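Here's the letter readout for the chains.
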Amino acid sequence: MMKILSYIYWLGFAVVLYCFSVQSYTLWTEYHIILPIVRIELSHAVEGRCLFAQLSATPVGSHTMLDEVLYNTRVDCFFIICYVILLMRLTYGRMQKEPSLYLNMLLRINIVLAVIAGLLDYVENNLIFYNLAHALTDKSYLSPHWYALIKFILLVWILLVWLFSKSGVYPGKKRS
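This one's a predicted model, so the numbers in the text were calculated from it and none came from an experiment.

*Asks:* An account of the overall build of the chain is needed here, citing residue identities and associated values.
*Replies:* On a plain count of helices and strands, the chain comes out with 6 helices and 2 strands. N-terminal to C-terminal, the α/β element order of the chain is α-α-α-β-β-α-α-α. Projected onto its principal axes, the C-alpha coordinates of the chain cover approximately 60 × 35 × 25 Å. Across the chain, contacts joining residues at least 24 apart in sequence account for 78% of those joining residues at least 6 apart. Only carbon and sulfur atoms are counted for the fraction: they give 72% of the accessible area of the chain, which is about 10300 Å².

*Asks:* Run through helix H6 (residues 145-167), naming residues and quoting values.
*Replies:* Spacing of three or four residues puts side chains on the same side of an α-helix, whose turn is 3.6 residues. An ideal rise of 1.5 Å per residue puts 33 Å on 23 residues; H6 measures up with 33 Å between its terminal C-alpha atoms. Among the residues of H6, those classed as buried are His-145, Ala-148, Lys-151, Leu-154, Ile-158, Val-161, Trp-162 and Ser-165. Where H6 is buried, its residues touch helix H2 (37-42), helix H4 (65-97) and helix H5 (101-133). One or two residues past the end of H6 sits Gly-168, with phi positive at roughly 90°.

*Asks:* Kindly report on the environment of Leu-159, identifying the contributing residues and their values.
*Replies:* Among the structural elements, Leu-159 can be located in helix H6. Residues Leu-159 and Thr-91, 68 residues apart in the sequence, show an inter-C-alpha distance of 9.9 Å.

*Asks:* Which residues make up empty space enclosed by the protein, and what are the values?
*Replies:* Tallied over the full model, the rule gives 1 cavity of 30 Å³ or more. The space that makes up the largest cavity amounts to roughly 40 Å³. Looking at the lining of the largest cavity, its residues break down into 3 nonpolar, 3 polar and 2 charged.

*Asks:* Mind laying out the packing of aromatic side chains, listing which residues take part and the relevant values?
*Replies:* Scanning the entire structure with this criterion turns up 5 aromatic pairs. Here Trp-10 and Phe-13 contribute two aromatic rings whose centre-to-centre distance is 5.8 Å and whose plane-to-plane angle is 85°, an arrangement assigned as edge-to-face. With a gap of 3 residues between them, Trp-10 and Phe-13 both fall in helix H1 (residues 2-31), about one helical turn apart. By relative accessible area, which is 39% here, Trp-10 ends up partly exposed. Geometrically, the ring pair formed by Phe-52 and Tyr-141 is edge-to-face, given 5.5 Å between the ring centres and 75° between the ring planes. Here Phe-52 is found in helix H3 (residues 45-56), whereas its partner Tyr-141 is found in the loop between H5 and H6, with 89 residues between them in sequence. Exposure class is identical for Phe-52 and Tyr-141. Each is buried. Ring pairs connect the aromatic residues Trp-10, Phe-13, Phe-20, Phe-79 and Tyr-83, which therefore count as one cluster. Note that Lys-151 overlies the ring of Phe-152, its terminal NZ or CZ placed 4.3 Å from the centroid.

*Asks:* Outline the packing of H1 against H4, supporting the account with residue identities and numerical values.
*Replies:* When two helices pack together, their arrangement is given by the angle between the helix axes and the distance between those axes. Remark: H1 packs on H4, axes separated minimally by 9 Å, with the N-to-C direction vectors making an angle of 155°. Relative to H4, the element H1 is oriented roughly antiparallel. As H1 packs across H4, the resulting crossing turns out to be left-handed.

*Asks:* Provide a residue-level description of the pattern of salt bridges, including the pertinent values.
*Replies:* Within this structure, the stated rule accounts for 5 salt bridges. A salt bridge links Glu-41 to Lys-151, with the nearest nitrogen and oxygen atoms 3.9 Å apart. Of this pair, Glu-41 sits in helix H2 while Lys-151 sits in helix H6; the two residues are 110 residues apart in sequence, bridging distant segments of the chain. Residues Glu-41 and Lys-151 agree in their burial class; the two are buried. The salt bridge involving Glu-124 is made with Lys-151; its shortest N-O contact spans 3.2 Å. Note that Glu-124 is positioned in helix H5 and Lys-151 in helix H6, a separation of 27 residues in sequence.

What counts as what
- Residues numbered from 1 in each chain as written.
- Predicted model: local features only at pLDDT ≥ 70, side-chain atom pairs only at ≥ 80, totals over all residues.
- Heavy atoms only, no water.
- Helix = DSSP H or I, 4+ residues; strand = E, 2+ residues; numbered from the N terminus.
- Contact = heavy atoms within 4.5 Å.
- Areas by Shrake-Rupley, 256 points an atom, 1.4 Å probe, with all protein chains shown as cover.
- Expected span 1.5 Å × (residues − 1).
- Buried < 20%, exposed > 50% of the residue type's maximum accessible area, 1.4 Å probe, protein only.
- 1 Å grid on protein atoms, 1.4 Å probe; cavity = no way out; pocket = protein on both sides within 12 Å on 5 of 7 lines; lining within 4 Å.
- Points joined across faces, edges and corners; volume = space filled by probe spheres on them.
- Nonpolar A, V, L, I, M, F, W, Y, C, P; charged D, E, K, R; others polar.
- Phe/Tyr/Trp six-rings, centres within 6.5 Å; stacked < 30°, edge-to-face > 60°.
- Lys NZ or Arg CZ within 6 Å of the ring centre and 35° of its normal.
- Axes fitted to C-alpha atoms, helices over the stretch in contact; angles between N-to-C directions.
- Parallel < 35°, antiparallel > 145°, perpendicular 65-115°, else oblique.
- Left-handed = near helix turned anticlockwise from the far one by under 90°.
- Salt bridge = Lys/Arg side-chain N within 4 Å of Asp/Glu carboxyl O.

As structure tokens, this is what we get:
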């Protein structure tokens, strides 16, 4: 049963990446536009408001770039579930092979950090949804900058711990 769930998670992850790829490919080949989703995630209030105004004025077929951001953010909600579960499963698998007590402890912490990164991504998406809903109004822009920045830092940390664990360099005691 766990093997089937693993395949389902990987399939979901691949489907989301495919959706992102198709969107990026279509925007580039048909309109020579790159979706600035990372800029949106990391923008402060003034930059974000200007960026949303610019995107609302950029036509893409019968809609605007704001509609593309909305689609991307909706797909990202599913992506959050997939990547958090995969990070947790991959980290758990790495923990079972890690002989170093210290690295094993860091890998255990990575499981919690993956959940925190997913929660931060969820909050970030909700801020983007709010900003999309109020892009052409006088309501204040709520910046997702700090949530996104912390999320990216946590994801880089998780990756670094994995790489260090995979490297075979074992500081400290070995597990018995």
